[in-house]
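# Survey of secondary and tertiary structure
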Amino acid sequence: MGSVCSICAVRDCLGRSICRQMYWNVICIKSFKPDIISSCNSSKKKRFDLSEKEMAAIKDLQTQEKTCVEKYARYSKEAKDPVLANLFEQIHREEQKHYDSLGQVLNGTVPPCDCNDSDGKQYSPKATYDMKESEDKKNDCFLATDCIGTEKLVSSEYNMDVFVCGEPSVRKLLADIQIEEQNHAEMLYKYKTVNSMS
């Protein structure tokens, strides 16, 4: 005998039904295809196998993310301005999350993804440096500029590799990560602009 859905209490809802409460009645919609509707039991992650090509693409992206993790950790210590150091630390944590997410994909599961597409728009740093040049400003300008270049490179890699993957949930994850990489570049650009860095 089949299992009973924990949400709609209908036996054999296939674990793929849309179960929702409408007013006082619970409605179970069973007509949707399993590959489109997420499972009623969200604790069970869908497992899948990657092709050799997909595996190579994800491993390459993970290598890029590892480089970003190491770079931001290092640059957070080298930055002279505490504002920039804090930004590097924030991005470092997000890059680590990207790295870990790709590791889960390599193990056959996709972590929940909730694209943060507002960080870039909402970031509004205060100026530390004025128009005058200084060694500290030159140092921080170099670090920020280098990281913008890295973010552009990584974002372009995601743009290409997203089409390699056949699993829709993996493509969604990669697209979300790409947007977050673009957010990083936008935040770094805003930092440079407010600090009059060329």
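All residue numbers refer to position in the chain's written sequence, counted from 1. Totals for whole chains, interfaces and linings use every residue, but because this is a predicted model, local features are given only for residues with pLDDT of at least 70 and side-chain atom pairs only at 80 or more, for both listing and counting. Hydrogens and water molecules were not included; the side-chain quantities draw on all heavy atoms of the structure.

Further remarks concern the packing of aromatic side chains. Aromatic rings from Phe, Tyr and Trp, with only the six-membered ring used for Trp, were paired whenever their centres fell within 6.5 Å, and each pair was classed as stacked if the ring planes differed by under 30 degrees, edge-to-face if by over 60, and tilted otherwise. Tallied over the entire structure, the rule returns two aromatic pairs. Measuring from ring centre to ring centre gives 5.7 Å for Y72 and F88, while their planes differ by 50°; the resulting arrangement is tilted. Of the two residues, Y72 sits in helix α1 (residues 52–78) while F88 sits in helix α2 (residues 82–106), which places them 16 residues apart along the sequence. Each member of the pair, Y72 as well as F88, carries the same accessibility label: buried. Ring geometry for Y75 versus F88: centroids 6.0 Å apart, planes at 55°, classification tilted. A run of DSSP states H or I qualifies as a helix once it reaches four residues; a run of E qualifies as a strand once it reaches two. Both are numbered from the N-terminal end. Each residue's exposure class comes from its accessible area (1.4 Å probe, protein chains only) as a fraction of the maximum for that residue type: buried when under 20%, exposed when over 50%, partly exposed otherwise.

Moving on to the side chain of N195. Examined against the element boundaries, N195 turns out to sit in the segment after α5 (168–194). For N195, a relative accessible area of 0% puts it in the buried group. In what follows, a contact means two residues having at least one pair of non-hydrogen atoms within 4.5 Å. With near-sequence residues (within four places) excluded, N195 lies in contact with A127, T128, Y129, D130 and K137.

Looking now at the packing of helix α4 (residues 135–161) against α5. In this analysis, axes come from line fits to C-alpha atoms, helices being fitted only over the stretch in contact, and the angle between any two N-to-C directions falls in the range 0 to 180 degrees. Here α4 crosses α5 at 160°, and the two axes come no closer than 9 Å. The orientation of α4 with respect to α5, classified from their angle, is roughly antiparallel. The handedness of the crossing between α4 and α5 is left-handed. Along the contact surface, α4 presents D140, C141, A144, T145, C147, I148, E151, V154, S155, Y158, N159 and D161, while α5 presents L174, I177, Q178, E181, Q182, H184, A185, L188, Y189, Y191 and K192. Any angle that falls under 35 degrees is termed roughly parallel, while one over 145 is termed roughly antiparallel, one within 65 to 115 roughly perpendicular, and all others oblique. In this scheme, a crossing is called left-handed if the near helix is turned counterclockwise away from the far one by less than a right angle; it is called right-handed if the turn is clockwise.

Grouped together as the largest cluster of nonpolar side chains are 35 residues, with contacts concentrated most on L87, F88, V105, V170, L174, L188 and Y191. For this core, the secondary-structure elements that each account for two or more residues are α1, α2, α4 and α5. Residues contacting F88, with those up to four places away along its chain left out, are Y72, Y75, S76, A79, L143, A144, C147 and L188. For our purposes a nonpolar core is just a set of buried Ala, Val, Leu, Ile, Met, Phe, Trp, Tyr and Cys residues, chained together by side-chain atoms within 4.5 Å.

The next subject is the pattern of salt bridges. Here a salt bridge means any side-chain nitrogen of Lys or Arg lying within 4 Å of a carboxyl oxygen belonging to Asp or Glu. All chains considered together, the criterion is met by six salt bridges. The closest approach of N and O atoms between E133 and K137, which form a salt bridge, is 3.7 Å. Exposure remark for K137: the relative accessible area of 1% places this residue in the buried category. A salt bridge links D176 to K172; the shortest N-O distance between them is 2.7 Å. One end of the pair is D176 and the other is K172, both in helix α5 and four residues apart, which spans about a single turn.

On to the packing of α1 against α2, then. Here α1 crosses α2 at 160°, and the two axes come no closer than 8 Å. Relative to α2, α1 is oriented roughly antiparallel. Note that α1 runs across α2; the crossing there is left-handed. Among the residues making up the contact of α1 with α2, the classes are represented as 15 nonpolar, six polar and five charged. Residues are grouped as follows: Ala, Val, Leu, Ile, Met, Phe, Trp, Tyr, Cys and Pro are nonpolar; Asp, Glu, Lys and Arg are charged; every other residue, Gly included, is polar.

In this section: α5. Its 27 residues give α5 an end-to-end C-alpha distance of 39 Å, which sits within 8% of 39 Å, the value for a rise of 1.5 Å per residue. At the exit of α5 stands S196, carrying a positive phi of roughly 55°. To estimate the expected span of a helix, subtract one from its residue number and multiply by 1.5 Å.

Moving on: unusual backbone geometry. Of note in this structure, S196 is not a glycine but carries a positive phi near 55°. When you line up the elements, S196 lands in the segment after α5.

Take it as geometry only, folks, not as evidence of what the structure does.
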